[in-house]
Amino acid sequence: YSSEDVAITYALYKQLSREIKEKKLEEVLYTIEMPLIEILAKMERAGISLDAARLAKMGTRAAKLLHTVEEKIYKFAGGSFNLDSPKQLTEVLFGKLKLATKGIKKTKTGASTAATELEKLQGRHPIIEPIFEYRELAKLKSTYIDALPKLVNEKTGRIHTSFNQVIAATGRLSSSEPNVQNIPIRSSLGREIRSAFVADSGRALISFDYSQIDLRVAAHLSRDQNMARAFLENKDIHSITAARLFGKDESEVTKEERQQAKEANFGVLYGIGARGLSTRLGLPYEEAEDFIFRYKAVYPQVFLFLDTVIETTRKISYAETLYGRRRHLPDINSDSAVVRSAA
């Protein structure tokens, strides 16, 4: 049995090593991925401590908060119903409360109640906000507060996640059973959940964060002088962008203008359209369209570079990182506009 395993592995090695050489992927495999295996194995074996008592207290509080939010929703709905049932929620929102379905996607059971669709209803009825609140609370409670303590290893008393090198198509690491890479941070309860991951006595947990890494990479690859200069001069990229967008001095930029520039810096770079930006910034569609036009004029080389990447990918069906890691995107030439646009 083991001889066959070895024989097949060697046969694969001969074929795949040839392919790796042909596709110029040696640096990705031998200098990035292979040395990382040993480090990840040590991390998985070490695990991380969890303060289960703290989570138990959070669970009690989350249950009370959920009950309060449920009661608020039932009051607006004029009666109780199963909040986790999309069918019943559809009946309440679009049947009982008569909310307009124009612009809302349809499903087999009627108008959709997905988060993206409910966002379109914000401001139309006071029931919408507590529904979002309920969903977030319920997810935090079931996915993290209730689930994490059950995943503590009996022998070590720690959580041992699996770090995956070959699951995410982009090449980034992912984490599973449990996923410890996506512990929420935006809500106060989410931040509390993070605080339940603790260091052993005499040790500390240190947090490192990249500083605007997406924009730095965009500036480097596109050679955009405006964007690069902001980083080279150690300036706040969002304030600089706002100053250029609104024709002001950097010192005159308001908090709101900086936030708008921040949304544009990340949103527009990743292809958000006028409709998406108008929702995020609370602007009329035409203003959002003009905003994107002005933004592209601030960083022309970035968008010239992005257009070039798309054109090249159409010809060769993959995109490449600086190190030569490939992201295959055959759908970029699909006959379906939706599939093509996603690629």
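Enquirer: Can you explain the overall build of the chain? Please cite residues and give values.
Expert: Of the regular secondary structure elements, the chain holds 15 helices and nine strands. In terms of overall dimensions, the chain has C-alpha extents of about 70 × 60 × 50 Å along its principal axes. A total of 343 residues make up the chain; the buried ones form 32% of that total. Charge-centre separation for the chain: the mean point of 52 positive side chains lies 2 Å from the mean point of 44 negative side chains.

Enquirer: Describe the pattern of salt bridges, listing the residues and the values that go with them.
Expert: For the structure on display, the rule yields 15 salt bridges. Lys-141 serves as the salt-bridge partner of Asp-146, at 3.0 Å between the closest nitrogen and oxygen. A relative accessible area of 31% places Asp-146 in the partly exposed class. Overall, the relative accessible area of 19% leaves Lys-141 in the buried class.

Enquirer: Tell me what's going on with the environment of Lys-87, and back it up with residues and numbers.
Expert: Position of Lys-87 among the secondary structure elements: in helix H4 (residues 86-96). Remark: the alpha-carbon pair of Lys-87 and Thr-113, spanning 26 residues in sequence, is separated by 8.7 Å.

Enquirer: Hey, could you go over the side chain of Ser-49 for me, with residue numbers and the actual values?
Expert: On the secondary structure map, Ser-49 appears in strand S1 (residues 48-50). Polar side-chain contacts of Ser-49 include one of 2.8 Å to the side chain of Asp-200. Look past the residues within four positions of Ser-49 in its chain and what remains in contact with it is Arg-158, Ala-196, Phe-197, Val-198 and Asp-200.

Enquirer: Can you tell me about the environment of Pro-330, naming the residues and giving the values?
Expert: Along the chain, Pro-330 falls in the loop between strand S9 (326-328) and helix H15 (337-342). The exposure class assigned to Pro-330 is exposed, which follows from its relative accessible area of 55%. The spacing of Pro-330 and Arg-258 is 72 residues in sequence and 38 Å in space, taken between C-alpha atoms.

Enquirer: Quick rundown of the packing of aromatic side chains? Include the residues and the values.
Expert: One pass over the structure, following the stated rule, counts five aromatic pairs. Each ring, one from Tyr-74 and one from Phe-81, has its centre 5.9 Å from the other, and the planes form 70°; the classification is edge-to-face. Accessibility assignment for this pair places Tyr-74 and Phe-81 in one class, buried. Geometrically, the ring pair formed by Tyr-295 and Phe-303 is edge-to-face, given 5.8 Å between the ring centres and 80° between the ring planes. For Tyr-295, a relative accessible area of 0% gives the class buried. Connected via pairs of aromatic rings, a cluster forms that spans Tyr-295, Tyr-299 and Phe-303.

What counts and how
- Residues numbered from 1 in each chain as written.
- Predicted model: local features only at pLDDT ≥ 70, side-chain atom pairs only at ≥ 80, totals over all residues.
- Heavy atoms only, no water.
- Helix = DSSP H or I, 4+ residues; strand = E, 2+ residues; numbered from the N terminus.
- Buried < 20%, exposed > 50% of the residue type's maximum accessible area, 1.4 Å probe, protein only.
- Lys, Arg positive; Asp, Glu negative; His and termini not counted.
- Charge placed at Lys NZ, Arg CZ, Asp CG, Glu CD.
- Salt bridge = Lys/Arg side-chain N within 4 Å of Asp/Glu carboxyl O.
- Polar contact = N/O pair within 3.5 Å; in protein donor to acceptor, adjacent residues only side chain to side chain.
- Contact = heavy atoms within 4.5 Å.
- Phe/Tyr/Trp six-rings, centres within 6.5 Å; stacked < 30°, edge-to-face > 60°.

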